Amino acid sequence: MIPANLLYTKSHEWAKIEGDTATVGITQFAQEQLGDLTFVDLPKVGDQVTAGSEMGSVESVKAASELYSPVTGEVVAVNEDLVSAPEKVNQDPYGAGWMIRVKLAAQPQGLLDAAAYEQAAAASAH
Amino acid sequence: MPFVPHTPEQIRDMLAVIGVGSTEELFAEIPAAMRPKSFDLPAGRSEMEVLAHMERLAQKNATAQVSFLGAGFYDHHIPAAVDALTSRGEFYTAYTPYQPEASQGTLQAIFEYQTAVCRLLGMDCANASVYDGGTALFEAAMMAVRQTKRRKLVVCEALNPIYRVMLASYTANLNLEFVTVPHRQGRSDLAGLAVAADDATAAVIVQNPNFFGCVTDFAGLFQGARAKGAVSVISVYPVLQSVLKTPGAMGADVAVAEGQSLGLPLSFGGPYLGVMTCTKDMIRQLPGRIVGRTKDLDGRTGYVLTLQAREQHIRRQKATSNICSNQALCALRALVHLCLLGEEGLRRTALLSMERAHYAAERLTAVPGVSLLSDAPFGNEFALKLPVNAFEVIDALTARGYVPGFPLGRYYAGLENCLLVACTEKTSKEQIGMLAEMLGGMLA
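Residues numbered from 1 in each chain as written. Chains lettered and ligands numbered in written order. Predicted model: local features only at pLDDT ≥ 70, side-chain atom pairs only at ≥ 80, totals over all residues.

1. Re the environment of B:Q99
Position of B:Q99 among the secondary structure elements: in the loop between α4 (80-86) and α5 (104-121). B:Q99 sits 243 residues away from B:G342 along the chain, and the two C-alpha atoms are 32 Å apart. (Helix = DSSP H or I, 4+ residues; strand = E, 2+ residues; numbered from the N terminus.)

As structure tokens, this is what we get:
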């Protein structure tokens, strides 16, 4: 259920580290909690993001929630498909629902592995 | 149980928290003369006594004056049906209801109001309205700041000075930078605005017609602003939008208006109506309530509050604005007014008002020593240069029952001799003739 090849934050973002780039999105748990997404507000290519800091927001039919970057670096790609089809985050949060790609300024620190995240998510579900 | 909002202990505790010694000290900023001397109210009066008292007060109003005042607020005729329809019990509330979806009629009226103002201004989306034109303009500026994440606002000096004061006051603690581009003899300085709107600019903010009555096409300016990533904000006079190039046609991103001229009486400054519209790209930044139309499970048309994730009850401190209501009754009046007049009626109102103003300009500039401030095109309002101080003329003619206009010197240094004169379809040629004669007599 929770991909083992990704790293996670307690605020329910995931990061896939490949060399000096990271792909970032939100988890299955996050999209379930939010419900049907209606809008995704992401940074622009060239923007700097900082681990633990706000990088954008998502809106669903019942809530709005800030997104926090799991990594630090420069945004090199943004999933433009989400502008017109935010439901992709609901349908495929770890695939077609990816949000941004970041060129890392430093290797990420303090992120959770799948097992630790599963525990954290289970705790926050109650 | 005594009906006191706070016990002496609670008051002491609250004062201690904020570090103020006494209630007296808390209110020290309010001058003594402005504080109530006593809460010991006189005994109740009879209905007849109260009526007589109110009539005495009402007689102090100078309602018989012939007025050429405008300056952002215009005395248009309001058909009697506007009062009759809007005062129906089903509609008579000042607010969007708290159980909105249970009030389909109210939501439908707001939806139709939004549709009407979008068509009038040529824009994609509108909210359910905000308090007045100045609030709308401030909210428009903040939309631009949020959208662009920039902090510089380029403002045309020919924007209504009341709006400029409101902008400065509302943003006093927001760390924004204002660049005010001076007017040129009452004209909006297109070249100056274009230079000021650089790639650090959140919004370029203009008005059409501007405060001096000058009509300008801002399409080129807006195109240039877009190329710099800045948002174009325009404030307009809604009645004239039936004949002028619309904000939409000029390529504005956000268009706002003081809605008073659409069926609201002047009534000493309010309540008025803040019309707010924008392009589809900006809708996430639009504050306040937005009504949408949808289908229910059985396929029937229904109205809902939509895009509520922008609002305070969901977004908390990150909401687009702390405005979560609207001027529902005033918006309803605007809707009824627009529907009664129709496209053709509104157009005729605009053309008649303009025709009267152009006649007035001709008659008044025939008085020796009086000229137009500039040769810029104007609609139903124009600035005159007088050979004497405008305040003197206003004092003298007001005493004779004619308010000749608004003294531009009140807001613009160096224009103490300038008078801003407005006409509507209610202004008669006889009144214009009388004004010209009185002015001529005074200056002779």
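2. Some remarks on the pairing of strand β7 (residues 254-258) of chain B
All names here are of chain B. Burial of β7 is extensive: five of the five residues sit out of reach of the surface. Bridge count for strand β6 (residues 231-236) against β7 is four bridges, and the pairing is parallel. Residue pairing in the sheet places I234 in a bridge with A255 of β7. Note: β7 against strand β8 (residues 274-278), five bridges, orientation antiparallel. What sits directly across from V254, in β8, is C278. (Buried ≥ 20, exposed ≤ 12 C-beta atoms within 10 Å, placed from the backbone. Pairing = 2+ DSSP bridges.)

3. Quick word on the packing of helix α6 (residues 133-148) of chain B against helix α7 (residues 161-170) of chain B
Residue and element names in this part refer to chain B. At a minimum axis separation of 9 Å, α6 and α7 run at an interaxial angle of 50 degrees. The orientation of α6 relative to α7 falls into the category oblique. Of the two elements, α6 crosses α7, and the hand of that crossing is right-handed. Only I162, Y163, M166, L167 and Y170 of α7 make contact with α6, whose side of the interface consists of G133, G134, L137, F138 and A141. (Axes fitted to C-alpha atoms, helices over the stretch in contact; angles between N-to-C directions. Parallel < 35°, antiparallel > 145°, perpendicular 65-115°, else oblique. Left-handed = near helix turned anticlockwise from the far one by under 90°. Contact = placed C-beta atoms within 7 Å.)

4. Here we look at the sheet that holds strand β6 (residues 54-60) of chain A
Residues and elements named next belong to chain A. In spatial order, the strands read β4-β6-β7; together these three strands make up an open sheet with antiparallel pairing. Two strands in the sheet have a free side with no partner beyond their single neighbour: β4 (37-41) and β7 (64-68). Averaged over neighbouring strand pairs, the angle between their axes works out to 20 degrees when direction is ignored. The pairing of β4 with β6 spans four bridges and is classified as antiparallel. What sits directly across from F39, in β6, is E59.

5. A look at the pairing of strand β2 (residues 13-18) of chain A
All names here are of chain A. Judged from the two bridges that link them, strand β1 (residues 7-8) and β2 form a sheet pairing that is antiparallel. Note that in β2 the partner of L7 across the bridge is A15. Where β1 folds back on β2, the antiparallel hairpin that results is connected by four residues, among which H12 adopts a positive phi of roughly 75 degrees. Bridge count between β2 and strand β3 (residues 21-26): six bridges; the pairing is antiparallel. Along β3, the bridge assignment pairs K16 with T23.

6. Here we look at unusual backbone geometry
Residues and elements named next belong to chain B. The amide bond that connects N208 to the next residue, P209, takes the cis arrangement and shows omega of -15 degrees. Cis rather than trans, the peptide bond between G270 and P271 has omega equal to 0 degrees. Summarising the element assignment, P271 is placed in the loop between β7 and β8. Backbone geometry places S129, a non-glycine residue, at a positive phi of 105 degrees. Along the chain, the position of S129 falls in the loop between β2 (125-126) and α6. For N175, which is not a glycine, the phi torsion comes out positive at approximately 55 degrees. Considering the arrangement of structural elements, one finds N175 in the loop between α7 and β4 (177-181).

7. As for the interface of chain B and chain A
Across the contact, four residues belong to chain B and four residues belong to chain A. Among the residues making up the side of chain B that touches chain A, the classes are represented as two nonpolar, no polar and two charged. (Nonpolar A, V, L, I, M, F, W, Y, C, P; charged D, E, K, R; others polar.)

8. Section: the sheet that holds strand β15 (residues 418-422) of chain B
All names here are of chain B. Reading across from one edge, β11-β12-β15-β14 is the order of the four strands in this open sheet, with antiparallel pairing throughout. For this open sheet the edge positions go to β11 (371-372) and β14 (406-407), each flanked by a neighbour on one side alone. Here five bridges tie strand β12 (residues 381-385) to β15, and the two strands are oriented antiparallel to one another. When the sheet's bridge partners are listed, L384 is paired in β15 with L419.

9. Digging into the nonpolar core
If you look at the biggest cluster of nonpolar residues, it comprises 122 residues, and the most contacted ones within it are B:A141, B:I205 and B:V254. Looking at this core element by element, the count peaks at 16 residues for helix α12 (residues 328-365) of chain B. Two domains each provide a minimum of three residues to this core, namely domain 1 (66-76 + 343-443) and domain 2 (80-336) of chain B. Sequence-distant contacts of B:A141, that is, excluding residues within four places in its chain, are made with B:L153, B:L167, B:A203, B:I205 and B:V233. Counting residues in hydrophobic clusters, the runner-up holds 32 residues, among them A:I26, A:L34, A:L82 and A:M99. (Core = buried A, V, L, I, M, F, W, Y, C linked by C-beta atoms within 7 Å. Domains from an automatic or database assignment.)

10. A closer look at helix α1 (residues 8-18) of chain B
Within α1(B), only zero of the eleven residues are buried, which leaves the element largely exposed. One or two positions beyond α1(B), positive phi appears at B:G19, with a value near 70 degrees.

11. Observations regarding the domain arrangement of chain B
All names here are of chain B. For chain B, the assigned domains read domain 1 (66-76 + 343-443) and domain 2 (80-336). Across the contact, 24 residues belong to domain 1 and 20 residues belong to domain 2. Of all the secondary-structure elements, those providing two or more residues to the side of domain 1 that touches domain 2 are α12 and β12. Looking at side-chain class alone, the side of domain 1 that touches domain 2 contains 13 nonpolar, seven polar and four charged residues.

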